[in-house]
Amino acid sequence: MRVISGTARGMRLTTLEGLDVRPTTDKVKESLFNIIQFDIEGRRVLDLFAGSGQLGIEALSRGAEHATFVDRSPKAVAVVRKNLEHTKLASLATVRQEESKTFLLKTRDTFDLAFLDPPYGQGLIGAVLPELVEHMSDYGIILCETSRDETLPESVGDFYAAKTYRYGKIQLTLYRKKEDET
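Here the structure is a predicted model, which means the values were calculated and not measured. (Residues numbered from 1 in each chain as written. Predicted model: local features only at pLDDT ≥ 70, side-chain atom pairs only at ≥ 80, totals over all residues. Heavy atoms only, no water.)

Trainee: Describe the sheet that holds strand S7 (residues 159-167), with residues and values.
Mentor: One key point about sheets: their strands pair by backbone hydrogen bonds, in either a parallel or an antiparallel sense. Reading across from one edge, S3-S2-S1-S4-S5-S8-S7-S6 is the order of the eight strands in this open sheet, with mixed pairing throughout. If you trace the sheet from one side to the other, it starts and ends with strand S3 (93-97) and strand S6 (155-156), each paired once. Note: S7 against strand S8 (residues 170-177), eight bridges, orientation antiparallel. Within S8, the position partnered with Phe159 by the bridge is Lys177. Most of the contacts of helix H3 (residues 74-87) go to S3, to which it runs at about 165°, and overall it touches strand S2 (66-71) and S3. (Pairing = 2+ DSSP bridges. Helix = DSSP H or I, 4+ residues; strand = E, 2+ residues; numbered from the N terminus. Contact = heavy atoms within 4.5 Å. Axes fitted to C-alpha atoms, helices over the stretch in contact; angles between N-to-C directions.)

Trainee: Which residues make up unusual backbone geometry, and what are the values?
Mentor: Not every positive phi belongs to a glycine, and Phe49 is a case in point at roughly 60°. Relative to the helices and strands, Phe49 resides in the loop between strand S1 (44-48) and helix H2 (54-61). The phi torsion at Lys88 lies on the positive side, around 60°, for a residue other than glycine.

Trainee: An account of the packing of aromatic side chains is requested, with residue identities and associated values reported.
Mentor: With the rule as written, the count across this model stands at two aromatic pairs. Taken together, a centroid distance of 5.6 Å and an interplanar angle of 50° make the contact between Phe33 and Phe115 tilted. Here Phe33 is found in helix H1 (residues 26-35), whereas its partner Phe115 is found in strand S4 (residues 111-116), with 82 residues between them in sequence. In this pair, the class of Phe33 matches that of Phe115, namely buried. Taking the centre distance of 6.5 Å and the plane angle of 45° together, the rings of Phe103 and Phe111 count as tilted. (Phe/Tyr/Trp six-rings, centres within 6.5 Å; stacked < 30°, edge-to-face > 60°. Buried < 20%, exposed > 50% of the residue type's maximum accessible area, 1.4 Å probe, protein only.)

Trainee: Help me get a handle on the pairing of S8, residues and values and all.
Mentor: Most of S8 sits out of view: six of its eight residues are buried. Relative to S8, strand S5 (residues 136-147) runs antiparallel, the two sharing seven bridges. If you follow Cys144 over to S8, its bridge partner there is Thr173. Following S7, the chain reverses through two residues before pairing antiparallel with S8; Gly168 in that reversal takes a positive phi of roughly 60°.

Trainee: So what's going on with the nonpolar core? Residues and values would help.
Mentor: In terms of nonpolar packing, the biggest core is built from 30 residues, with Phe33, Ile36, Leu60, Phe69, Leu84 and Phe115 touching the most fellow members. Listed by contribution, the elements that provide at least two residues to this core are H1, H2, S2, H3, S3, S4, S5 and S8. With four residues, the single largest contributor to this core is H2. Residues within four places of Leu84 in sequence aside, it is in contact with Ile57, Leu60, Phe69, Leu89, Ala90, Ala93 and Val95. Within the second largest apolar cluster, 21 residues are counted, among which are Phe49, Phe111, Val128 and Met136. (Core = buried A, V, L, I, M, F, W, Y, C linked by side-chain atoms within 4.5 Å.)

Trainee: Just give me the short version of the pairing of S5, but keep the residues and values in it.
Mentor: Burial of S5 is extensive: ten of the twelve residues sit out of reach of the surface. Alignment of S4 against S5, held across five bridges, turns out to be parallel. By the bridge assignment, Phe115 is partnered in S5 with Leu143.

In structure tokens form, the structure reads like this:
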């Protein structure tokens, strides 16, 4: 697993070990960042269910202003911190060891770009989306990675599923804020 582009391009990232770990493949990550390539620079990013932190780190490497990484696992948080130090991006990041929903209920931060890549098939995205949309900017984008057979809501609050992309067994769903029709 490596950083694809930007200031940390080519740097290898440490990943968690174990059967429950499913890092985003380089192919899917590259496709994801091609989709949002003009929506990264200067933005505030949330990497919810951060795991190794690879999505938030990729965004920082490509010019995001700041990234907040949230994961409940102490091992994941340690790996995120290690990867941020290795890529020299730690000064642009906040790392929180906390349940995702608890974090969203407590934070006052607003985000422009949010990545959600939780363990598949546990309904975690549907559980946190209602709280997440309350913390998104008016031009915010939410990107969710799920298994291809997982169903996500068509809309949540002011956000709607604008586009779905499929890569083998993986599905990316992009949410955007609904336009005012006035």
